[in-house]
Amino acid sequence: MKTAELKEAILKAKEETGTLVLAHTYQAPDIIDIADITGDSFALAKAATNIPDKKRVLLCGVRFMADTVKILSPEKEVVLSHKSATCPMAEQIAPERVRAFREENPDVCVCAYINTSTELKAECDVCVTSSTAVKIVSALPSEKVLFIPDQNLGGYVSRFVPEKEIILWDGCCPTHHSVSVKDVLEAKAKHPGAKIAVHPECRKEVVALCDFIGSTSEIINYCKSVEDDVIIATERGVCDKLSRDYPERGFYQLAPNKLTCPNMKMTTLQNVYDALLGNFGDVIEIDEELRLKAKRSIDNMLKYGG
Ligand code: SF4
């Protein structure tokens, strides 16, 4: 089928199967076109707490996102769009190591970036997203916080919460962490006068060269609020969206070969169509005891993050 026909067939299949399609902003533009709700991790997690009258949810993104939907809406059938789409950062720590740390440090609050496996969430006190991390860590009652797994986001948060001791893990997003100072300097030279907006998953020395630091949704809002051209230093889905929404503006992708997450770009339109018909993707199943333990940390995120 041609792309337009496939999109038509997907819209029909969504109706016929009663499926709500959620897509992360980093998905390919064609996937964004056929989704019912798009947004960053926090927006998708919030959407999952209030799913309208649909019996199925198809999550176009990576596994921890589909798991989060299932944790919050266990009565729905939740399908991940591509079985192999995982976030490498989500499994950079064995849950047993967090358990051992907690036993040795009972006064430390364990805070997990939402990009973690369900097993890891079950070992933590609270989850955060990049848009809520500073607010949530500030609001935690504990003076000491272990932040897992992203050293870059954790380091960024610690700048805003100097009154707390924040212990960092050495994990990272391989996509954002691969960006170098040289990439930024080259982009600045190529687009003089353009601002640079960066995601806090990038290295500290890269972030230091940029004009605006924020999550996916915060970068989009920043770009809407300024008139300047903007170099986008996060996964290329954001620049694609901005360029499509505001074709008259100048948005430039920083290091496009590096800032393309292979896992986020795994799902194709054909995969979506096949998953809607039950012939592709992965139906998420989570043991109930594990789900309830993991849910606590997500509930705390929604409580502290607003
Ligand atoms: S961009 Fe980074 S954090 Fe996001 S899914 Fe890809 S690897 Fe994970």
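Residues numbered from 1 in each chain as written. Predicted model: local features only at pLDDT ≥ 70, side-chain atom pairs only at ≥ 80, totals over all residues.

## Brief notes about the sheet that holds strand β10 (residues 212–213)
Read from one edge of the open sheet, four strands run β10-β9-β11-β12, paired in parallel fashion. Of all the strands in the sheet, just β10 and β12 (251–253) have a single pairing partner and so form its edges. In this structure, strand β11 (residues 230–233) lies alongside β12, joined through three bridges in parallel fashion. Among the inter-strand pairings, V230 is bridged to a residue of β12, identified as F251. Strands in contact with helix α12 (residues 216–225) are β9 (195–198), β10, β11 and β12; relative to β9, the strand with the most contacts, it is inclined by about 160 degrees. (Pairing = 2+ DSSP bridges. Helix = DSSP H or I, 4+ residues; strand = E, 2+ residues; numbered from the N terminus. Contact = placed C-beta atoms within 7 Å. Axes fitted to C-alpha atoms, helices over the stretch in contact; angles between N-to-C directions.)

## Some remarks on the site of the ligand
Around the ligand sit 13 residues in total, of which V62, C87, C173, T175 and C261 are the nearest. The residue inventory of the shell around the ligand, partitioned by class, reads eight nonpolar, four polar and one charged. (Near = placed C-beta within 6 Å. Nonpolar A, V, L, I, M, F, W, Y, C, P; charged D, E, K, R; others polar.)

## Quick look at helix α14 (residues 269–276)
Among all positions in α14, only N271, V272, Y273, A275 and L276 are buried. Against α1 (3–17), β1 (19–24), α2 (29–34), β3 (56–60) and β4 (77–80) lie the buried residues of α14. Where α14 terminates, the next one or two residues include G278, which has phi positive at roughly 85 degrees. (Buried ≥ 20, exposed ≤ 12 C-beta atoms within 10 Å, placed from the backbone.)

## A closer look at the environment of A122
Mapped onto the elements of the fold, A122 is located in the loop between α6 (118–121) and β6 (126–128). When the 24 C-beta atoms within 10 Å are taken as the criterion, A122 is described as buried. If sequence neighbours within four positions are ignored, A122 has contacts with L290, K293 and A294.

## A closer look at the domain arrangement of the protein
Taken domain by domain, the protein consists of domain 1 (3–86 + 265–286), domain 2 (89–174 + 289–305) and domain 3 (179–253). In this assembly, 14 residues from domain 1 lie in contact with 16 residues from domain 2. Contributing elements (two or more residues each) for the side of domain 1 that touches domain 2: α3 (41–48) and α4 (63–72). The element contributing the most residues to the side of domain 1 that touches domain 2 is α4, with six residues. Among the residues making up the side of domain 1 that touches domain 2, the classes are represented as seven nonpolar, four polar and three charged. (Domains from an automatic or database assignment.)

## Considerations on the nonpolar core
Counting residues in each nonpolar core, the largest one holds 93 residues, and the members touching the most others are L22, L59, C111, V128 and I232. Top contributing element to this core by residue count: α4, with six residues. In this view, L22 contacts A35, I37, L44, A47, V57, L59, C60 and V69; residues no more than four positions away in its chain are not counted. (Core = buried A, V, L, I, M, F, W, Y, C linked by C-beta atoms within 7 Å.)

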